[in-house]
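Residue strings, one per chain:
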Amino acid sequence: MTKQDTEILNLLKTSRGQLDGIIKMVEEKRYCVDISKQILAVQALLKKAKLKIIDRHIKSCVKQAFEEGRGDEKVDEIIEILDKYAK
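Residues numbered from 1 in each chain as written. Predicted model: local features only at pLDDT ≥ 70, side-chain atom pairs only at ≥ 80, totals over all residues. Heavy atoms only, no water.

**Quick notes on the environment of Arg 70**
- Mapped onto the secondary structure, Arg 70 falls in the loop between helix 2 (32-67) and helix 3 (71-86).
- Of the residues examined, Arg 70 reaches a relative accessible area of 33% and is grouped as partly exposed.
- Between the C-alpha atom of Arg 70 and that of Ala 44, which follows or precedes it by 26 residues, the distance is 33 Å. (Helix = DSSP H or I, 4+ residues; strand = E, 2+ residues; numbered from the N terminus. Buried < 20%, exposed > 50% of the residue type's maximum accessible area, 1.4 Å probe, protein only.)

Okay, here's the thing in structure tokens:
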């Protein structure tokens, strides 16, 4: 497992832990603003993980595809996913 894989997994596991905490907060009828702040924190962690995954994809899969003459297909894939993130 690479250092980047470990970083991604740690971000996702932290997100999962925070999400469990948010669920508990809702069950306990905690203050809505506090819950919202925790949701923002999870979203930030997931965004960071997402960017690391895209970075890894571009530096490995896309790079390899260009070396094999299949770069256009990977570029289309990246554009499609960036379009979804932009919405």
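**Some thoughts on helix 3**
- The terminal C-alpha atoms of helix 3, which comprises 16 residues, lie 22 Å apart, in line with the 22 Å expected from a rise of 1.5 Å per residue.
- Buried-residue contacts for helix 3 involve helix 2. (Expected span 1.5 Å × (residues − 1). Contact = heavy atoms within 4.5 Å.)

**A few points about unusual backbone geometry**
- Of note, the phi angle at Lys 29 is positive, near 55 degrees, even though the residue is not glycine.
- Take Lys 29: it is sitting in the loop between helix 1 (3-27) and helix 2.

**Describing a nonpolar patch on the surface**
- Taken together, the side chains of Met 1, Leu 9, Leu 12 and Leu 46 define a hydrophobic patch exposed on the protein surface, amounting to about 380 Å² of accessible area.
- Relative to the helices and strands, Leu 9 is located in helix 1. (Patch = residues over 30% accessible without salt bridge, like charges linked within 9 Å, V, L, I, M, F, W, Y side chains within 5 Å. Areas by Shrake-Rupley, 256 points an atom, 1.4 Å probe, with all protein chains shown as cover. Salt bridge = Lys/Arg side-chain N within 4 Å of Asp/Glu carboxyl O.)

**A look at the packing of helix 1 against helix 2**
- Two elements in contact, helix 1 and helix 2, have axes whose closest approach is 9 Å; the angle formed by their N-to-C orientations is 160 degrees. Classified by the angle their axes make, helix 1 and helix 2 are roughly antiparallel. Crossing angle aside, the handedness with which helix 1 passes helix 2 is left-handed.
- Residues that form the contact of helix 1 with helix 2 fall into these classes: 15 nonpolar, 5 polar and 7 charged. (Axes fitted to C-alpha atoms, helices over the stretch in contact; angles between N-to-C directions. Parallel < 35°, antiparallel > 145°, perpendicular 65-115°, else oblique. Left-handed = near helix turned anticlockwise from the far one by under 90°. Nonpolar A, V, L, I, M, F, W, Y, C, P; charged D, E, K, R; others polar.)

**Some remarks on the pattern of salt bridges**
- The final tally for this structure, using the stated rule, is 9 salt bridges.
- Overlapping salt bridges, with partners in common, bring together Lys 3, Glu 7 and Lys 52 in one network.

**Things to note about the packing of helix 2 against helix 3**
- Relative to each other, helix 2 and helix 3 sit at 165 degrees, their axes nearing to 9 Å. As the angle between them shows, helix 2 and helix 3 are arranged roughly antiparallel. Taken as a pair, helix 2 and helix 3 cross one another with a handedness that is left-handed. Residues Lys 50, Ile 54, His 57, Ile 58, Cys 61, Val 62, Ala 65 and Phe 66 of helix 2 form the contact with helix 3, whose own contacting residues are Gly 71, Lys 74, Val 75, Glu 77, Ile 78 and Tyr 85.
- Class assignment for the residues of the contact of helix 2 with helix 3 results in 9 nonpolar, 2 polar and 3 charged.

**Brief notes about the confidence of the model for the chain**
- On average, residues of the chain score 93 in pLDDT, and 100% of them are at 70 or above.
- Here helix 3 stands out as the element of the chain with the lowest mean pLDDT, 88, in contrast to helix 1, whose mean of 97 is the highest. (pLDDT = per-residue confidence, 0-100.)

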